[in-house]
Amino acid sequence: LRAFHGSTDAMESQYLGGPAVHIMNIPLFLSFYIDMTIWPRQLSAWQMFPTQFNFTWIVGLAWLGMIVGGVLSLRAGRDVKFWGLWFVLFLLPVLHLIPFPIWVADRYLYIPLVGGLVLIAKLAFWSMARLSFPAYRHVLSGAFLLAVSALGWKTHRHLDRKSTRL
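From a predicted model like this one, the values you see are computed outputs, not experimental measurements.

*Asks:* I tried to follow the layout of surface pockets on my own but got confused; where do I start?
*Replies:* A water-sized probe rolled over the atoms picks out the places where empty space is left. Empty space within the largest pocket amounts to approximately 960 Å³. Lining of the largest pocket is provided by 29 residues; of these, Ile-34, Gly-69, Ser-73, Gly-84 and Val-88 occupy positions nearest its centre. Mapped onto the lining of the largest pocket, the elements with two or more residues apiece are helix H4 (26–38), helix H5 (57–73), helix H6 (78–91) and helix H7 (112–130). Class assignment for the residues of the lining of the largest pocket results in 19 nonpolar, eight polar and two charged.

*Asks:* Honestly, the packing of aromatic side chains in this entry has me stumped. Any pointers?
*Replies:* In this description, an aromatic ring pair is defined by two values, namely the gap between the centres and the angle between the planes. All told, the structure shown has six aromatic pairs when counted by the stated rule. Seen from their ring centres, Trp-83 and Trp-86 are 5.4 Å apart, and the 50 degrees between their planes marks the pair as tilted. Residue Trp-83 and its partner Trp-86 are located together in helix H6, separated by three residues, close to a single helical turn. Aromatic side chains Trp-86 and Phe-90 sit 4.8 Å apart centroid to centroid with 55 degrees between the ring planes, which places their arrangement in the tilted category. Of this pair, Trp-86 and Phe-90 both sit in helix H6, four residues apart, which is roughly one turn of that helix. The class for Trp-86 is partly exposed, based on a relative accessible area of 25%. Ring-pair connections join several aromatic residues into one group, and the members of that group are Phe-82, Trp-83, Trp-86 and Phe-90.

About the criteria used
- Every chain begins its residue count from 1, and numbering advances along the sequence as written.
- Where totals are concerned, whole chains, interfaces and linings use all residues; where local detail is concerned, this predicted model gives features only for residues with pLDDT of at least 70, and gives and counts side-chain atom pairs only at 80 or more.
- As a convention, hydrogens and water are excluded, and side-chain values are obtained from all of the structure's heavy atoms.
- Space inside and on the surface of the protein is sampled on a 1 Å grid over the protein atoms alone, with a cavity defined as a set of points where a 1.4 Å probe fits but cannot get out and a pocket as an open set with protein on both sides within 12 Å along at least 5 of 7 lines; lining residues have an atom within 4 Å of a point.
- Grid points are joined across faces, edges and corners, and a volume is the space filled by probe spheres set on the points.
- What counts as a helix is a DSSP run of H or I of at least four residues, what counts as a strand is a run of E of at least two, and both are numbered from the N terminus.
- Here the term charged refers only to Asp, Glu, Lys and Arg, the term nonpolar to Ala, Val, Leu, Ile, Met, Phe, Trp, Tyr, Cys and Pro, and the term polar to all other amino acids, Gly among them.
- Stacked, tilted and edge-to-face are the three classes assigned to paired rings of Phe, Tyr and Trp, where Trp is represented by its six-membered ring and a pair needs centres within 6.5 Å; plane angles under 30 degrees give stacked, over 60 edge-to-face, the rest tilted.
- Partly exposed describes any residue whose relative accessible area lies between the buried limit of under 20% and the exposed limit of over 50%, with all areas from a 1.4 Å probe on protein chains only and scaled to the type maximum.

Dropping the structure here:
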């Protein structure tokens, strides 16, 4: 990066906090995108992100979680590894290995979202297969239906009715 920018001073003046801050926050970026995959509570073209400028316990816990998640994913099946890698590899350009000014945005999640939703669906089918009583399956099916309905309501609520008329 020094050869690209000319000096480390140029990198730190152009990027808030410098490349070290961007790299230190990678697990927090990843957890933000995982959270937005599960429940997109704040849809926006440009998100405000609480950046950590010092190595705090939050950053340490996030790095530990990312490492443990990576080790646990090694034990997963081949299809789970594929879709997990799909999610991470398509987010890799926006995880700030090479820093740029926009920290996080919903539009970065469009393609990785496919892998995340497949993983959520696999979890749903796995949990349905593990339940032995039909009543529990109905309750779980109702919970999934309620979650999909809530997401649909949230999406409908964000639409501007005047701009969607034909």
